[in-house]
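Tertiary structure, described
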Amino acid sequence: MTVAEGAAATLRINQPGGYVGPWSAAETPYMVEPMNMLASRSHEAVCFVGPARTGKCLDVDTPIPTPSGWARMGDLKAGDMVFGPDGHPTEVLAAHAVKHNLPCYEVRFSDGTTLVADSEHLWGVERYYWSAPHWRYEVKSTQDLLRDLVYSERGDARARYRYRVRNAAPLATPDVELPLHPYLLGVWLGDGVSAQAAISAHKDDAAHYVEALEARGHTATVSDDGPNTVFIAVDKRARLTTHCQRGHALDEVGRCSRGYCAECLRLGHWRRKYGVDRHGEAIPEPSMFQHTFSARLRALGVLSNKHIPPQYLRAGVEQRWALLRGLMDTDGTSAAGAGSAEFTSTKPALVEGFVELARSLGLKPTVKDKKTTWEYQGLRKTGHAFRVTFPIPQGAPVFTLPRKAARRTATVDVGYRQIAAITPAPTRPVRCIQVDNESHLFLAGEGMVPTHNTMGLLDGWLSHCIVNDPGDFAVIQLTQEKAREYSKTRIDRALRHSPALHAMKSASSQHDNTHDKMLKHGMWVRIAWPTVSNLSSSDYRYVALTDYDRMPDDIDGEGSAYALGLKRTTTFLSRGMCMVESSPGRDVADPN
């Protein structure tokens, strides 16, 4: 039995939020040959360097979501942070050279988002089969998807698409300090007066908004604004009689002819005339009103310019949910029993921000144009608006306004988008990156679509050895933390979810800890990191060195990690094997 065949027979992958099922050599055929070489007795070591073509290329102009905002695919470099499909930030290990003149395709998804990739780009997709289970995870190239994209045509001329991609989890960003509570900002963006710290609301909803404002330290003054609407002035200023808003005593500095503070007028005149402050006297900030609702809106740059500020789009998960609820309480709706909700606005910038906000929470928004009509002073008016619809995930409280929150919504599976079309695109510069996470996926495009990055061969080799060709095995990861992560997320899951491997577990808890696994038949698996103590003394039949291009060239003056690892296998002669796995991040010289 070859190593690839042994891996397929023994290893079952279980990635939360990703693929669950048996490992298949068909998904990564380029790994079959190097995997099988690991069982050869004609050589003592195998070096596997993932070539740039297997990184799978995207258009260099593809926007990539990052913890600080957005970056171009072409501008990413090693050490930058992007997002994995679980929503957590992941480091870019390598950013490969730009490639030209490759065949490119535009991939369009059911929510309207698109990505441009080369023909060999890998996609982690679910494929539909007629027999149960109908949806099965596979890894396909763009060219493979193109061959059988549609599995049947419907009577209404709409196609049934064979492939779908799971949506990413909400972006896992930490809470940040924000100038204005996100729910209140959402309410104002939805129903606020554009140039004022005021909100227009229905009479039945006013009490809810007033309570929300007062609970967060603001005052609310309510006045009638129509038969069924009210005007809520937030932090309405009391008329000043003794001091100006910058704190000058009016009795001491005097007033100008229009009643304003003479000192503020004098300082402002000097700055406008000469471009500098008079004798170093800077105009003080309006300290008496710097924490008011209007001052915070002005600091955010949203007065007369409604949009979602960037810091709110990368705020914490709960902060972003609060912002979305504020927007939905004011400009959103959902019919009773429906499985989706709708947000409507006439402002393109606000709609664009709402769509990004929804996607950052793992939702799947779709934007459509809408013609609007209304009457004003007896005249019928027409206009243009945007409708953003999105399925409501189970248990997601999209509304807090009582009359909207009371509506029961249907439970639907909203965790995916279908691949609707793949069309040839003009060739353009493309490149690929390698990311440091278990799933080897990263989010790409404005739609934040999980896109694939090649899987390693270590798991399959280890599984084959445990069941079919046992021998003490040392896995050397880059750092102690990486060794712990590999042990918990890869080895422990494989032992737990793969029946053939689970049968080899020792019954004693003393034989199973983070860095050492003693199996039932006596095989020892050591998960360590490159130090002299970890790469000396003990003999291993198998040694695996991962991310070798990021390891130091010399380990504490004793030589390279490869030389030390190879020495550990010499006791087993031709039956020993040292494997080096790396990406072409830098030049590595043969130590011999």
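So, how was this worked out
- Residues numbered from 1 in each chain as written.
- Predicted model: local features only at pLDDT ≥ 70, side-chain atom pairs only at ≥ 80, totals over all residues.
- Heavy atoms only, no water.
- pLDDT = per-residue confidence, 0-100.
- Contact = heavy atoms within 4.5 Å.
- Phe/Tyr/Trp six-rings, centres within 6.5 Å; stacked < 30°, edge-to-face > 60°.
- Helix = DSSP H or I, 4+ residues; strand = E, 2+ residues; numbered from the N terminus.
- Buried < 20%, exposed > 50% of the residue type's maximum accessible area, 1.4 Å probe, protein only.
- Axes fitted to C-alpha atoms, helices over the stretch in contact; angles between N-to-C directions.
- Parallel < 35°, antiparallel > 145°, perpendicular 65-115°, else oblique.
- Left-handed = near helix turned anticlockwise from the far one by under 90°.
- Nonpolar A, V, L, I, M, F, W, Y, C, P; charged D, E, K, R; others polar.
- Pairing = 2+ DSSP bridges.
- Salt bridge = Lys/Arg side-chain N within 4 Å of Asp/Glu carboxyl O.

A few words on the confidence of the model for the chain. In low-pLDDT regions, the fine details of the predicted coordinates are not to be read closely. Confidence in the prediction of the chain, expressed as mean pLDDT, is 84, and 86% of residues score 70 or more. Below a pLDDT of 50 lies the segment residues 51-55, which in the model reaches 14 contacts outside its immediate sequence neighbourhood of four places, other chains included.

Enumeration over the complete set of coordinates arrives at nine aromatic pairs. Ring centres of F354 and F390 lie 6.1 Å apart, and the angle between their planes is 45°; on these two criteria the pair is classed as tilted. Placement of F354 in helix α11 (residues 348-360) and of F390 in strand β22 (residues 379-391) is noted, with a sequence separation of 36 residues between them. Both residues of the pair, F354 and F390, count as buried.

On to the environment of V107. Note that V107 resides in strand β9 (residues 104-109). Taking C-alpha positions, V107 is 6.8 Å from T423, a pair spaced 316 residues apart along the chain. If near-sequence neighbours (up to four positions away) are discounted, V107 is found in contact with T113, T114, L115, W123, T142, I419, A421 and I422.

The interhelical angle for the contact between helix α4 (residues 182-191) and helix α10 (residues 317-331), taken along N-to-C directions, is 30°, at an axis separation of 7 Å. Relative to α10, the element α4 is oriented roughly parallel. With respect to the hand of their crossing, α4 and α10 are arranged in right-handed fashion. The segment α4 lies against α10, with P182, Y183, L185, G186, V187, L189, G190 and D191 engaging Q319, A322, L323, R325, G326, L327, D329, T330 and D331. Of the residues in the contact of α4 with α10, the class split is eight nonpolar, five polar and four charged.

Pairing in this open sheet of three strands is antiparallel, and the strands run β7-β8-β25 from one edge to the other. Of all strands in the sheet, those with a lone pairing partner are β7 (81-83) and β25 (433-435), marking the two edges. With direction set aside, neighbouring strand axes in the sheet form an average angle of 50°. By the bridge criterion, three bridges tie strand β8 (residues 89-95) to β25 in an arrangement that is antiparallel. When the bridges of β25 are listed, A95 appears paired with I433.

Glancing now at the pattern of salt bridges. Throughout the structure, instances matching the rule amount to 22 salt bridges. For R266, the salt bridge goes to E263, with nearest N and O atoms at 2.2 Å. Separated by three residues within a single helix, R266 and E263 lie in helix α7 (residues 262-274), roughly one turn from each other. A residue is classified by how much of its surface remains accessible, and E263, at 12% relative accessible area, is buried. Among the salt bridges present, the one from D512 reaches K517, with a minimum N-O distance of 2.7 Å. Residues joined by salt bridges that share partners form a network here, namely D492, K505, D512 and K517.

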